[in-house]
2 protein chains.
Amino acid sequence: MNPDITRERENATFDVEKLTHILDGDIEKTKRRREIESLVISDPDFQSEDLNFLSRSERYDAAVKKSAHMILKLREYGISDPEEIYCYKSVFRRHHHEALGLHFVMFLPTLYTQCNEQQLKKWVPLAESFKALGTYAQTELGHGTHLRGLETTATYDPATQEFVMNSPTITSIKWWPGGLGKTSNHAIVLAQLHTQGKCHGLQAFIVPLRSMNTHIPLPGVVVGDIGPKFGFDEVDNGYLKLENVRIPRDHMLMKYAKVEADGTYVKPPSAKLTYGTMVFIRSMIVGEAGRALAKSCTIAIRYSSVRHQSEIRPGEPEPQIMDYQTQQYKLFPLLATAYAYKFVGQYMNQVYHRITGDISQGDFSELPELHALSAGLKAFTTWTASAGIEVCRMACGGHGYSRCSALPDIYVNFVPTCTYEGENTVMMLQTARFLIKSYRQASAGHQLSGIVSYLNESERRLQPQSVSSRPTVVNVNDLASLVDAYKLRAAKLVEMAAKSIQQELQKRVSQEDAWNNSAIDLVRASDAHCHYVVVKLFAAKLGEIGDTGVHSVLSTLALLYALQGIQQHSGDFLQTGLLSVPQLSQVSQRLKDLLAQLRPNAVALVDAFDYRDEMLNSVLGRYDGNVYEHMFEWARRSPLNKTEVHESYHKYLKPLQAKL
Amino acid sequence: MNPDITRERENATFDVEKLTHILDGDIEKTKRRREIESLVISDPDFQSEDLNFLSRSERYDAAVKKSAHMILKLREYGISDPEEIYCYKSVFRRHHHEALGLHFVMFLPTLYTQCNEQQLKKWVPLAESFKALGTYAQTELGHGTHLRGLETTATYDPATQEFVMNSPTITSIKWWPGGLGKTSNHAIVLAQLHTQGKCHGLQAFIVPLRSMNTHIPLPGVVVGDIGPKFGFDEVDNGYLKLENVRIPRDHMLMKYAKVEADGTYVKPPSAKLTYGTMVFIRSMIVGEAGRALAKSCTIAIRYSSVRHQSEIRPGEPEPQIMDYQTQQYKLFPLLATAYAYKFVGQYMNQVYHRITGDISQGDFSELPELHALSAGLKAFTTWTASAGIEVCRMACGGHGYSRCSALPDIYVNFVPTCTYEGENTVMMLQTARFLIKSYRQASAGHQLSGIVSYLNESERRLQPQSVSSRPTVVNVNDLASLVDAYKLRAAKLVEMAAKSIQQELQKRVSQEDAWNNSAIDLVRASDAHCHYVVVKLFAAKLGEIGDTGVHSVLSTLALLYALQGIQQHSGDFLQTGLLSVPQLSQVSQRLKDLLAQLRPNAVALVDAFDYRDEMLNSVLGRYDGNVYEHMFEWARRSPLNKTEVHESYHKYLKPLQAKL
């Protein structure tokens, strides 16, 4: 054990294990999580060479191997609880992705929810036995977020009772679905349904892609890998071009909409139920943002405690880099953010389960709010976490660029969350739509409830109106007071966005153009709303914590989180008259004090995340702090070191020397 | 040609070619650049498969091949002007790096400047004929920025008149030098000189690493590749462990310091001259920041003009995504930034050459200012450009993640500039040291000249002191007025940082601790200083431009750049009383107007950067806008598509199906 990191742990003022239980939920959950982790870590079939040393084809191969092994093991151990499966997967995946991911996340759930009785009987056994290996093909080369723009066609032919599937244009080629390129032999394809000369919009169809015996693509199916990406090297995101592929009528998923034998289209009774899945996945992503940032902070903070560099006081030994105020200012607010997002993830998970219960009892009332919240928070947390991972990486100096730090892998495999499951700016604008709608309702005299109740007239009247009438209500040392400041800022920015739309409308532009011409303000308002929610939830979490030591350190973190946000957005707080200039100076000073106060607990706070070395897979983030010898050992395994002399020497350098 | 992009070009209000000449310097320089580019592009020996499809070993191989070919070609064409060589290289390198880069940038220049007469005669011919392939080994596993911390030793043995070179600890292993792993057979090694029982600090030594005949490592030399990184895949950054390696006495570079045959150490007369190289490389990096951002903007803006998505007005066709205000707000300020940095790069290049002239005549007076400026601007521009590349990438939606967009390559190969040649935070603090020193001189009554003259007492007295006495001098429509506002902000933040140090000193902490406890404020002050310099130089550039159309569009860009900076740092401008709240609203409104005003010129403005498709290597950034067909074509070449059925199917999936 590196003596620096031992000393850090000795200086901690709280019980790390207790904080771990809070992060897991309770002591039992911690225990069970550790059991599952040990199952994977001790399993020799999950061991492999560092993926960074492999070619893409080898990485894909390794991922398929692990997925296949996992399926057998989960059955052997009888693990079937979704959260336990998620835990199991996250250990062997490390920072990477699973080859059969979409089979589990999209193919099977879509079958469960959109097949009719007969279809369930046929497809579920095939999919659960992995004879049908499936994916979900929605996005096209030229079409993403806007589903109505999709061009793939399914034209019903009553003569043969088949659908004829086509990709009529280059832009209609299906593009991006995970596992589509090489792994899947089936896909659920979203296509425009044409029957009896009319288009009835998007429907889902099961399209066989490859022979279930030989895995060779079927006639008319042009399928393959879309090529290397920024991350996701082990996933065969694919393309699919359909050329007059005929599928039987009962391959259209018919739980809701139907096409009868003669081609008559039967409308679905309602189309509200897919809403929930989206909300669920976005809630999961918020939790992922917390985890990705927690891993990155673990690596950067442990490394900062063992790395010595430069000098603060001349003549003295090089200090730990964590002693530099600038390093603390980079890392500690991100550590606070990681905690905040973990708690927000817990909250969203709870709300989702509660609301799902309500929905199954026919109560949809909270869904629009949750939908808006999950969209905005997904964008808010993934943007911040992505940028934060890079800050952590760069805080490790040169060694942060080495793949042995794991930080490049964490970044490239997390940052796509900013785009998938709803592009972030689009998400922010969805939340803004809910906020503006709520604002207008409140302005029209309706009493709002829930998280947007701050938009009620009565609340808004309490707000300061200008700098001159500043009431100086904010106490920068009091978290509750800061939560209020965030709330008032959100209210003010929603109001400003609404007024911008109003002003545009007065220029006689259309409602839609007024919206687009105010989009910058709308995104800003959503951002402020999400920030308020995060600060509020962090503060609320403190109320649940009994242990004094843990409560104290988390309170410091929460205060740091709130104050740093204010400093970063000081313009908003000054502009809306919520803070005065002298208060802003207080904020700066208080921030510095909090950094110094957190310094002795930094390593313990990342230890509490409880990532085992086998999961972090980072030489810089090792628990024992013995970084350098393991970097050297790792480097020696680099494929370029397999031979002492690389062949390029004989091919190019020696001939060059001869010619000159 | 895609009709959308043709229409964009038709709508431009200025002569693109004229702007290209301004960016190059003049019409002759544009012509010569294009000639050189054509030489490379038409050369079949520079063609290769997309590097993204190759393994790391293949990429390294391809890079060595190109470097060897380049050396022959440059001789054949008689190209020897450094700027022309730089131009030639940048075409075949694309976004990647050169295998023999450090031989040219560090090995040769160090020989030229630090060899004595005899050494020059021996080593320069060997290096210029590439019989000696060299690199520069400074950084160690445990030591970076702080040179005094380096541990490698060179101990003089008068008995044999040799130096014994050693890596006494794990942390002393040389780590990171480019070309060290496999390519080089020599390295200039920085080591602590020990002779006659005393340590005389760092000296440079030429250490043979590999046999010049067989390329096999010499006895005692443990050398290899440090493994995969975030980018730089084609470069063999290496490690070097020296185990009692003996080199002759005349392998110490002896132009300045010397060790005589008996071991007597002779001090160097002065040690100021290496300063210049550092300044030069940092100036180059500022230019690189402009180029990396210009390339990224070219890709994202062209793609935004051909990509259609979602709807602004219901029922109408999907609009070009560049019509969304949020998309304009992401991209146009970055476009303005790219122009700003290109002009700053030009300026620094000119200043460097002018000052180099002065220095050769013994006038060092401007060097400290230039040193401080180059440090800060290197940090300021590389941070912004790195973040900006990622914004461009994400503005391309899902397709920005594909390696065919080139944006991932641009990012990973540019972002290391934030760390190498001086870690950015350290650079900002170096600039701050100069600013604080200047501030103290001014406070002591000295009259400052040059870029920091705004710190003079007389200037500072003109500043507004508080919000209440706000003079509302800033005209948000007038660039000169905005330059002034940036200047006053910088002055105020330097003053605040100086006062923070003062306050710390009053707490009876040491000078050094006071500095560290104020580091956040110091970085902020440097940042404001650099921002002021960039705005000022952009404004100054406008004065050189005669063409009305070009002047008009560049003025819009400059105004956008200045106003967006104010919006992003509105807290500073409000806090220092430079702007009022109503003015800030004006800024927001004006920004939106400028976005709309730039919209018709956006494509033409990136066309003016004049990157040929062969250099951009981006399917999304194609000049003809025909994106989708070429994405499909690119994807089909993906290595995973070499076989229809990947071997993993037979190895894992078929057996899995059999078992279930």
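Residues numbered from 1 in each chain as written. Chains lettered and ligands numbered in written order. Predicted model: local features only at pLDDT ≥ 70, side-chain atom pairs only at ≥ 80, totals over all residues. Heavy atoms only, no water.

Enquirer: Would you mind showing me how to read the environment of S211 of chain B here?
Expert: All names here are of chain B. Looking at where S211 falls in the secondary structure, it is placed in the loop between β6 (198-208) and β7 (221-225). Between the C-alpha atom of S211 and that of R508, which follows or precedes it by 297 residues, the distance is 59 Å. Discounting chain neighbours no more than four positions away, the residues touching S211 are I216 and L218. (Helix = DSSP H or I, 4+ residues; strand = E, 2+ residues; numbered from the N terminus. Contact = heavy atoms within 4.5 Å.)

Enquirer: I keep staring at the relation of the copies chain B and chain A and nothing clicks. Help me out?
Expert: In this structure, two copies of a chain are linked by a rotation about an axis accompanied by a shift along it. For these two chains of identical sequence, chain B goes onto chain A by a turn of 180° and a shift of 0.0 Å along the axis, with RMSD 0.0 Å. With respect to symmetry, the two chain copies, as superposed, fit the operation of a two-fold axis. Within chain B, G571 of chain B has its C-alpha nearest the rotation axis, a separation of 1.8 Å. (Least-squares fit on C-alpha atoms with pLDDT ≥ 70 in both.)

Enquirer: Where do I start with the sheet that holds strand β8 (residues 238-242) of chain B in this structure?
Expert: Strand pairing in a sheet relies on backbone hydrogen bonds, with the paired strands running either antiparallel or parallel. Reading across from one edge, β4-β8-β7 (chain B) is the order of the 3 strands in this open sheet, with antiparallel pairing throughout. Looking at strand neighbours, the two that pair on one side only are β4 (174-175) and β7 of chain B, the edges of this open sheet. Note that β7 of chain B and β8 of chain B share 5 bridges and pair antiparallel. Counterpart to V222 of chain B in the pairing with β8 of chain B is K241 of chain B. Lying on the sheet, helix α22 (residues 627-636) of chain A is in contact with β4, β7 and β8 of chain B; it crosses β8 of chain B at an angle near 115°. (Pairing = 2+ DSSP bridges. Axes fitted to C-alpha atoms, helices over the stretch in contact; angles between N-to-C directions.)

Enquirer: Hey, could you run me through the interface of chain B and chain A in this one?
Expert: The extent of an interface is frequently quoted as the accessible surface area lost upon association of the parts. With 133 residues of chain B at the interface, the matching set in chain A holds 132 residues. Taken as a group, F230, Y401 and I520 of chain B account for 7% of the area that chain B buries against chain A, more than any other trio of residues on that side. In this assembly, chain B and chain A are joined by 10 salt bridges. Residue K651 of chain B is joined to D61 of chain A by a salt bridge in which the shortest nitrogen-to-oxygen separation is 3.0 Å. Applying the counting rule to chain B against chain A returns 66 residue pairs in polar contact (both at pLDDT 80 or more). (Buried area = accessible area lost by both parts, 1.4 Å probe. Salt bridge = Lys/Arg side-chain N within 4 Å of Asp/Glu carboxyl O. Polar contact = N/O pair within 3.5 Å; in protein donor to acceptor, adjacent residues only side chain to side chain.)

Enquirer: Looking at this structure, I do not really get the sheet that holds strand β4 (residues 174-175) of chain A. What am I missing?
Expert: If you trace the 3 strands from one edge of the open sheet to the other, you get β4-β8-β7 (chain A), paired in antiparallel fashion. Each edge of the sheet is formed by a strand with only one pairing partner; in this case those strands are β4 and β7 (221-225) of chain A. Here β4 of chain A pairs with strand β8 (residues 238-242) of chain A via 2 bridges, running antiparallel. Opposite K174 of chain A, over in β8 of chain A, you have L240 of chain A as the bridge partner. Of the strands in this sheet, β4, β7 and β8 of chain A are in contact with helix α22 (residues 627-636) of chain B, which crosses β8 of chain A at around 115°.

Enquirer: Help me understand the packing of helix α12 (residues 424-443) of chain B against helix α14 (residues 479-506) of chain B, please; the structure alone is not making it clear to me.
Expert: Helix-helix packing is described using two parameters, namely the angle between the two axes and the distance between the axes. All names here are of chain B. Orientation of α12 relative to α14, taken along the N-to-C sense of each, is 85°, at an axis distance of 10 Å. When the axis of α12 is compared with that of α14, the two are roughly perpendicular. Only V494, E495, A497, A498 and I501 of α14 make contact with α12, whose side of the interface consists of L435, I436, Y439 and R440. Its residues assigned to classes, the contact of α12 with α14 comprises 7 nonpolar, no polar and 2 charged. (Parallel < 35°, antiparallel > 145°, perpendicular 65-115°, else oblique. Nonpolar A, V, L, I, M, F, W, Y, C, P; charged D, E, K, R; others polar.)

Enquirer: Teacher, can you tell me more about unusual backbone geometry here?
Expert: Leaving glycine aside, a negative phi is the common case for residues, and trans is the common case for peptide bonds. Residues and elements named next belong to chain B. One non-glycine residue, S310, adopts positive backbone phi at about 55°. Judged by relative accessible area, which is 17%, S310 ranks as buried. Located in the positive-phi region is D610, a residue other than glycine, with phi close to 60°. Along the polypeptide, D610 turns up in the loop between α20 (602-607) and α21 (613-616). Residue D610 is classed as buried on the basis of its relative accessible area, which comes to 17%. (Buried < 20%, exposed > 50% of the residue type's maximum accessible area, 1.4 Å probe, protein only.)

Enquirer: In this structure, what is going on with the UniProt feature "active site" (unreviewed entry) in chain A? I would like to understand it.
Expert: Residues and elements named next belong to chain A. Those places that UniProt annotates as "active site" (unreviewed entry) correspond, in this numbering, to E421. Mapped onto the fold, E421 is located in the loop between α11 (407-414) and α12 (424-443). Using a relative accessible area of 31% as the deciding quantity, one classes E421 as partly exposed. In this view, E421 contacts I281, R282, I285, K378 and M427; residues no more than four positions away in its chain are not counted. (UniProt positions renumbered as here; feature names shortened; annotations may be inferred.)

Enquirer: Any chance you could explain the UniProt feature "binding site: FAD" (unreviewed entry) in chain A here in plain terms?
Expert: Residue and element names in this part refer to chain A. In the numbering used here, UniProt assigns the "binding site: FAD" (unreviewed entry) feature to T139 and G178. Over a stretch of 40 residues, the named residues converge on one spot in the fold, their C-alpha atoms separated by at most 10.9 Å. Assignment of secondary structure puts T139 in the loop between β1 (134-137) and β2 (153-157). When its relative accessible area of 27% is taken as the criterion, T139 is described as partly exposed. In contact with T139, other than residues within four places in its own chain, are G144, I173, K174, W175 and W176. Along the polypeptide, G178 turns up in the loop between β4 and β5 (186-195). A residue is classified by how much of its surface remains accessible, and G178, at 12% relative accessible area, is buried.

Enquirer: For this particular structure, what's the right way to read the packing of aromatic side chains?
Expert: For any pair of aromatic rings, the description rests on two quantities: the centre-to-centre distance and the angle between the ring planes. Here the structure, examined in full by the defined rule, presents 44 aromatic pairs over all chains. Considering the side-chain rings of F163 of chain A and F205 of chain A, the 5.0 Å spacing of their centres and the 70° angle between planes classify their relative orientation as edge-to-face. With F163 of chain A in strand β3 (residues 162-166) and F205 of chain A in strand β6 (residues 198-208), the pair connects residues that are 42 residues apart, well separated along the chain. One exposure class covers both F163 of chain A and F205 of chain A, and it is buried. Seen in terms of ring centroids, Y411 of chain A and Y411 of chain B are 6.3 Å apart; in terms of plane orientation they differ by 40°. Their pairing is tilted. Of the two residues, Y411 of chain A sits in helix α11 while Y411 of chain B sits in helix α11 (residues 407-414), which places them in two different chains. As far as burial versus exposure is concerned, Y411 of chain A and Y411 of chain B are alike and both buried. Through pairs of rings, three or more aromatic residues link up here, namely Y339, F343, F538, Y561 and F609 of chain A. Seen from the ring of Y623 of chain A, R9 of chain A lies directly overhead, with NZ or CZ sitting 3.5 Å from the centre. For K89 of chain A, the ring lying beneath its charged end belongs to F104 of chain A, and the centroid distance is 4.0 Å. (Phe/Tyr/Trp six-rings, centres within 6.5 Å; stacked < 30°, edge-to-face > 60°. Lys NZ or Arg CZ within 6 Å of the ring centre and 35° of its normal.)

Enquirer: Any chance you could explain the packing of helix α10 (residues 367-395) of chain B against α12 of chain B here in plain terms?
Expert: Residues and elements named next belong to chain B. Look at α10 against α12: their axes get within 8 Å of each other, and the N-to-C directions meet at 145°. With respect to the hand of their crossing, α10 and α12 are arranged in left-handed fashion. Facing P368, E369, H371, A372, A375, G376, K378, A379, F380, T382 and W383 of α10, the residues of α12 in contact are N424, T425, M427, M428, Q430, T431 and F434. Taken together, the residues of the contact of α10 with α12 break down into 9 nonpolar, 7 polar and 2 charged. (Left-handed = near helix turned anticlockwise from the far one by under 90°.)

Enquirer: Please explain the environment of P3 of chain B as it appears in this structure.
Expert: Residues and elements named next belong to chain B. Along the chain, P3 turns up in helix α1 (residues 3-10). A residue is classified by how much of its surface remains accessible, and P3, at 57% relative accessible area, is exposed. For the pair P3 and S500, spaced 497 residues apart in sequence, the C-alpha separation works out to 58 Å.

Enquirer: How do you make sense of the environment of G621 of chain B when you look at a structure like this?
Expert: Residues and elements named next belong to chain B. Looking at the element boundaries, G621 is found in the loop between α21 and α22. Taking the relative accessible area as the measure of exposure, G621 reaches 0% and is therefore buried. For the pair G621 and L407, spaced 214 residues apart in sequence, the C-alpha separation works out to 9.7 Å. Sequence-distant contacts of G621, that is, excluding residues within four places in its chain, are made with I299, R302, D613 and L616.

Enquirer: Could you clarify how one ought to interpret the side chain of T195 of chain A in this entry?
Expert: Residues and elements named next belong to chain A. Topologically, T195 is positioned in strand β5. Taking relative accessible area as the criterion, T195 reaches 2% and is therefore assigned buried. At 2.6 Å, the side chain of T195 and the backbone oxygen of G263 are in polar contact. Setting aside residues up to four positions removed in sequence, T195 forms contacts with Y156, H200, V259, G263 and Y265.

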